[in-house]
Amino acid sequence: MAVIKVMDELLANKIAAGEVVERCASVVKELVENSIDAKSTEIKVFLEDAGTREIKVVDNGKGMDATDAVLAFSRHATSKIDDEEDLFRLQTLGFRGEALASIASVSKVELKTCQEDIGTLVLINGGKLLKVDRGDARVGTSMSVSELFYNTPARLKHMKSLYTELSSITDYMNKLALSKPNIRFLLSNNDNIILRTDGSGNLLKVIQSIYGNNVARKMIRIENENADYVISGYISLPEIHRSSRNNMVTIVNGRIVRNYEINKAINEAYHSYKPDNRYPITVINIEVDPSVIDVNIHPTKMDIKFSKMDSLIDLISKTVTSAITGRTLLVEGVKKEEKPKYENMMLNLERHGSSVKEPEEIELPLDTLVTNDFEEIESDIKEREEYEKTKEELMPEMWPVGLVHGTYIVAQNEKGMYLIDEHAAKERCNYERFMKQMGSPTLASTALLFPIMIELSNEEFIILKENLDILRNLKFKIEEFGINSVIVKEHPAWIPSSNVDWDIRKIIETVINTQKEFSIEKFNEKVATMMSCKHAIRANTNITLDDMEALIEDLRKCKNPFNCPHGRPTTIFYSNYDLEKLFKRTGFDLKK
Ligand code: ZN
Ligand code: ZN
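As a convention, each chain's residues are numbered from 1 in the sequence order in which they are written. Each chain is given a letter, starting from A, and each ligand a number, starting from 1, according to the order in which they appear as written. Per-residue local features of the predicted model are confined to residues with pLDDT of at least 70, and side-chain atom pairs are confined, for both listing and counting, to 80 or more; whole-chain, interface and lining totals are unaffected and use all residues. Side-chain numbers here rest on the full set of heavy atoms in the structure, without hydrogens or water.

Focus on the coordination of the zinc ion (ligand 2)
Link 1 in the chain: Donor criterion used throughout: N, O or S atom within 2.8 Å of the metal, extended to 3.2 Å for Na, K and Ca. Water excluded; incomplete-looking sites may result. Within the protein, Glu427 (OE), Cys564 (SG) and His566 (ND1) serve as the donor atoms for the zinc ion (ligand 2), at 2.1 to 2.3 Å.
Link 2 in the chain: Summarised as a motif, the one-chain spacing of the donors to the zinc ion (ligand 2) is E-x136-C-x1-H.
Link 3 in the chain: Between the zinc ion (ligand 2) and the zinc ion (ligand 1), a spacing of 4.0 Å is present, and a bridge between the two is formed by Glu427.
Link 4 in the chain: Judged by relative accessible area, His566 falls into the partly exposed class, the value being 38%. Throughout, exposure labels follow a simple rule: accessible area from a 1.4 Å probe, protein chains only, divided by the maximum for the residue type, with under 20% read as buried, over 50% as exposed, and the rest as partly exposed.

Quick word on the coordination of the zinc ion (ligand 1)
Link 1 in the chain: In the first shell of the zinc ion (ligand 1), the protein supplies His423 (NE2), Glu427 (OE) and Cys533 (SG), at 2.0 to 2.3 Å from the metal.
Link 2 in the chain: Binding-site remark: the zinc ion (ligand 1) is held by donors from one chain whose sequence spacing is H-x3-E-x105-C.

Observations regarding the packing of aromatic side chains
Link 1 in the chain: Aromatic pairing here means that ring centres of Phe, Tyr or Trp (its six-membered ring) are within 6.5 Å. Orientation follows from the plane angle: under 30 degrees is stacked, over 60 is edge-to-face, and everything else is tilted. For the structure on display, the rule yields 3 aromatic pairs.
Link 2 in the chain: Both rings, one in Tyr229 and one in Phe306, keep their centres 6.0 Å apart while their planes meet at 75°; by these two values the pair is edge-to-face. Separated by 77 residues along the polypeptide, Tyr229 in strand S10 (residues 229-236) and Phe306 in the loop between strand S13 (282-288) and helix H11 (309-324) bring together distant segments of the chain.
Link 3 in the chain: Here Tyr229 falls in the buried class, since its relative accessible area comes to 1%.
Link 4 in the chain: As a reminder, the over-ring test applies to NZ of lysine and CZ of arginine, requiring each to be within 6 Å of the ring centre and within 35 degrees of the ring normal. Between the NZ or CZ atom of Arg221 and the centre of the ring of Tyr234, over which it lies, the distance is 5.5 Å.
Link 5 in the chain: The lysine or arginine in question, Arg433, covers the ring of Phe434, its NZ or CZ lying 5.2 Å from the ring centre. A run of H or I in DSSP counts as a helix once it spans at least four residues, and a run of E counts as a strand once it spans at least two, with each numbered from the N terminus.

Considering the packing of helix H14 (residues 458-466) against helix H16 (residues 500-513)
Link 1 in the chain: Look at H14 against H16: their axes get within 9 Å of each other, and the N-to-C directions meet at 85°. Judged by the inter-axis angle, H14 sits roughly perpendicular to H16. Here H14 contributes Glu460, Ile463 and Leu464 to the contact with H16, which in turn contributes Ile508, Val511 and Ile512.
Link 2 in the chain: Here the term charged refers only to Asp, Glu, Lys and Arg, the term nonpolar to Ala, Val, Leu, Ile, Met, Phe, Trp, Tyr, Cys and Pro, and the term polar to all other amino acids, Gly among them. In the contact of H14 with H16, the residues fall into 5 nonpolar, no polar and 1 charged. Lines fitted to C-alpha atoms define the axes here, with helix axes fitted over just the stretch in contact, and angles between the N-to-C directions of these axes take values from 0 to 180 degrees. Relative orientations are named as follows: roughly parallel for angles under 35 degrees, roughly antiparallel for angles over 145 degrees, roughly perpendicular for angles from 65 to 115 degrees, and oblique for any other angle. Contacts: residue pairs with any heavy atoms within 4.5 Å of one another.

Quick look at the layout of surface pockets
Link 1 in the chain: In this structure, the largest pocket spans a volume of roughly 1600 Å³.
Link 2 in the chain: Taken together, 47 residues make up the lining of the largest pocket; nearest its centre are His271, Ser272, Tyr431, Met435 and Glu525.
Link 3 in the chain: Residues of the lining of the largest pocket, tallied by class, amount to 12 nonpolar, 16 polar and 19 charged.
Link 4 in the chain: Composition of the lining of the largest pocket by domain shows at least three residues from each of domain 2 (213-332) and domain 3 (444-493 + 497-534).
Link 5 in the chain: Both site types are read off a 1 Å grid over the protein atoms alone. A 1.4 Å probe that fits but cannot get out defines a cavity, while an open set with protein on both sides within 12 Å along at least five of seven lines defines a pocket; lining residues have an atom within 4 Å of a point. Grid points are joined across faces, edges and corners, and a volume is the space filled by probe spheres set on the points. Volume-wise, the second largest pocket comes out at about 1300 Å³.
Link 6 in the chain: Along the walls of the second largest pocket sit 44 residues, with Lys218, Glu239, Leu330, Glu332 and Phe573 positioned nearest its centre.
Link 7 in the chain: Elements that contribute at least two residues to the lining of the second largest pocket include exactly helix H9 (213-216), strand S14 (331-332), helix H12 (367-390), strand S21 (571-575) and helix H19 (576-582).
Link 8 in the chain: Ranked by the residues each element gives to the lining of the second largest pocket, the list is headed by H12, at 6 residues.
Link 9 in the chain: A class-by-class count of the residues in the lining of the second largest pocket yields 20 nonpolar, 6 polar and 18 charged. Note that domain bounds follow an automatic or database assignment of domains.

Overview of the confidence of the model for the protein
Link 1 in the chain: Averaged over every residue, the pLDDT of the protein is 85; residues scoring 70 or more account for 84%.
Link 2 in the chain: pLDDT is a residue-level measure of predictor confidence that goes from 0 to 100. Looking across the protein, the model is least confident in helix H4 (residues 84-93), with a mean pLDDT of 46, and most confident in strand S17 (residues 416-421), with 98.
Link 3 in the chain: Segment residues 78-84 is flagged for pLDDT under 50; beyond a separation of four residues in sequence, or across chains, it makes 10 contacts in the model.
Link 4 in the chain: Under a pLDDT of 50 for its full length, residues 343-371 has, in the predicted model, 58 contacts with residues more than four places off or in other chains.

Notes on helix H13 (residues 422-439)
Link 1 in the chain: Its 18 residues give H13 an end-to-end C-alpha distance of 26 Å, which sits within 8% of 26 Å, the value for a rise of 1.5 Å per residue.
Link 2 in the chain: For H13, the full list of buried residues reads Glu422, His423, Ala424, Ala425, Glu427, Arg428, Cys429, Asn430, Tyr431, Glu432, Phe434 and Met438.
Link 3 in the chain: Looking at the buried side of H13, the elements it contacts are strand S15 (399-404), S17, helix H17 (520-534) and helix H18 (545-556).
Link 4 in the chain: The N-cap residue of H13 is Asp421: its side-chain oxygen and the backbone nitrogen of His423 are 3.0 Å apart. To estimate the expected span of a helix, subtract one from its residue number and multiply by 1.5 Å. Nitrogen and oxygen atoms within 3.5 Å of one another constitute a polar contact, given that in protein one can donate a hydrogen and the other can accept it, and given that sequence-neighbouring residues count only through two side-chain atoms.

Description of the nonpolar core
Link 1 in the chain: Counting 62 residues, the largest nonpolar core has Val32, Phe73 and Met173 as the members making the most contacts within it.
Link 2 in the chain: Two domains each put at least three residues into this core: domain 1 (9-196) and domain 2 (213-332).
Link 3 in the chain: Discounting chain neighbours no more than four positions away, the residues touching Met173 are Val28, Val32, Val45, Phe185, Leu186, Leu187 and Leu195.
Link 4 in the chain: As used in this record, nonpolar core signifies buried Ala, Val, Leu, Ile, Met, Phe, Trp, Tyr and Cys residues forming a set joined through side-chain atoms within 4.5 Å. If you look at the next biggest cluster of nonpolar residues, it comprises 49 residues, including Tyr273, Ile316, Ile420 and Cys558.

Re the sheet that holds strand S16 (residues 408-413)
Link 1 in the chain: By definition, two strands form a pair when at least two bridges between them are found by DSSP. Across the sheet, which stays open at both edges, the 5 strands sit in the order S14-S21-S17-S16-S15 with mixed pairing between neighbours. Strands at the two margins of the open sheet, each flanked by one partner only, are S14 and S15.
Link 2 in the chain: Examined bridge by bridge, S17 and S21 share 5 bridges and lie antiparallel to one another. From the neighbouring strand, Tyr418 faces S21, where its bridge partner is Phe573.
Link 3 in the chain: Those strands touched by H13 are S15 and S17, and its axis lies near 70° from that of S17.

Some words on empty space enclosed by the protein
Link 1 in the chain: Applying the stated criterion to the full structure yields 3 cavities of 30 Å³ or more.
Link 2 in the chain: Looking at the largest cavity, its volume works out to about 80 Å³.
Link 3 in the chain: Lining the largest cavity, in full, are Asn214, Arg217, Lys218, Glu239, Ile240, Glu332, Lys335 and Lys336.
Link 4 in the chain: The residue makeup of the lining of the largest cavity, split by class, is 1 nonpolar, 1 polar and 6 charged.

Section: the packing of helix H2 (residues 24-37) against helix H7 (residues 162-179)
Link 1 in the chain: Packing of H2 against H7 leaves a shortest axis separation of 8 Å and a crossing angle of 25°. Taken together, the axes of H2 and H7 lie roughly parallel to each other. Between H2 and H7 the crossing geometry is right-handed. Together, Cys24, Ala25, Val28, Lys29, Val32, Glu33 and Ile36 of H2 and Glu165, Ser168, Ile169, Tyr172, Met173 and Leu176 of H7 make up the contact between the two elements.
Link 2 in the chain: Counted by class, the contact of H2 with H7 contains 9 nonpolar, 1 polar and 3 charged residues. Helix crossings are classified by the rotation of the near helix relative to the far one: an anticlockwise turn of less than a right angle makes the crossing left-handed, while a clockwise turn makes it right-handed.

Written out as structure tokens, the structure reads:
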């Protein structure tokens, strides 16, 4: 009887393993979550070959007695639900209680744990309990899972490349570290450290550990609240952006979640400060009454819904917008030197012999990376915020001295040298002018000497006919003219006389294409962006010093003089110090 029961359970575990243990990352996640539950303040994850050979998690948590250590691998060992917080976690993780049993059924497990000075050692192979013995007295738990899927070759084939396995584990650990700055984390692969945090509770330090010094010093601290939510965290200056949204991290009541609308709101707040298809680095902590969170959370995707979404989006939008607008956002031409970071070691996947020491014994000096540079980062940020408080102008006064390739203005002032992209600068000036004129309630119109006739497809014609009011509100005089055609007799006065024909056709195209979820702000914005480019000086156009001076003066008056409407930088700054450094005038004996 008993044997059959065990067989059944083994089979059930193996089947379940196929569902819950997909990747090395799911094993890491399960083990690390257990360590967090055990109230660990230090969690070290050691991988061999991206976890495909071995995953070892060592913590300093409360440990288990022998009975619990064996029971942990039973299929029906469910975690206790103590409070609402636990319920939230259960819904987020979905499969708790079965995971360890499943993992043990498809791997070789060695568990060393200790409670009240009594150590326990448990060995399991492919779900079979091999050994339960007295172990060393130690603090916390060490769990090693090796040769994952060794007894289920079909699953083994499904494992992705080492690089994919490692990057998904790294991604998980990075986010966990961001959500738990009070826990000291270590992640290594084949003895190369990938991530190390100091558990000091300082979120900026965690950001530094993950992204490096140059990103950390370009972060802006945010903090705000309304009746429903309290938010805090860091967002990057607009010049720091990445190709993926993956670096936009949202943490709700201490748990990492994903929410499309939040990311969208943040990205929109950065609109025209960076290219729309690039994404900032953000870590936003949201504190909220748990009852406001929708219970229908997707079990694995970490999606979350809020019942007061509008209130949250409004708070986030306002906070991010006010954090980045009104700042001096000059992009520096010379980046500060950066020490090689763990990130660079990630690709080193080759196994180089077995280590002399047991991994859990490796002592990790904290001082080397984090503390020294961190003081410098903090003082850089402080200096920048101090400047923001006391500065008189958004963009400093500067004087043109020449033009490179008819494209880049070289300008200077007492602080250093500036390169200004002529086209981008003009585009920004045009854009702000058009936006202002389009938004003005007293629009004047200009009659066309030769009315412009525009032929459309029947479908376009129908869409346009339904939306003629948009154009009429903008002071266009536009009428139907025969089959599928319209005639434009007057246009708003802000459209310059050059290229009128092109402008009008493009505006009509925009009306036809922005039909879905029409918003006048977005429409104006689109039209202004398009026209600002068309009416800006092209590259390779020589202009006089006087023209350059006028352009710089115009640019300096803009609300955001630092980016073209497409989010490209207008101005790159080289400080006197940077120039001296480039020419090795600093730190050298100048007399020679
Ligand atoms: Zn352009
Ligand atoms: Zn542009």
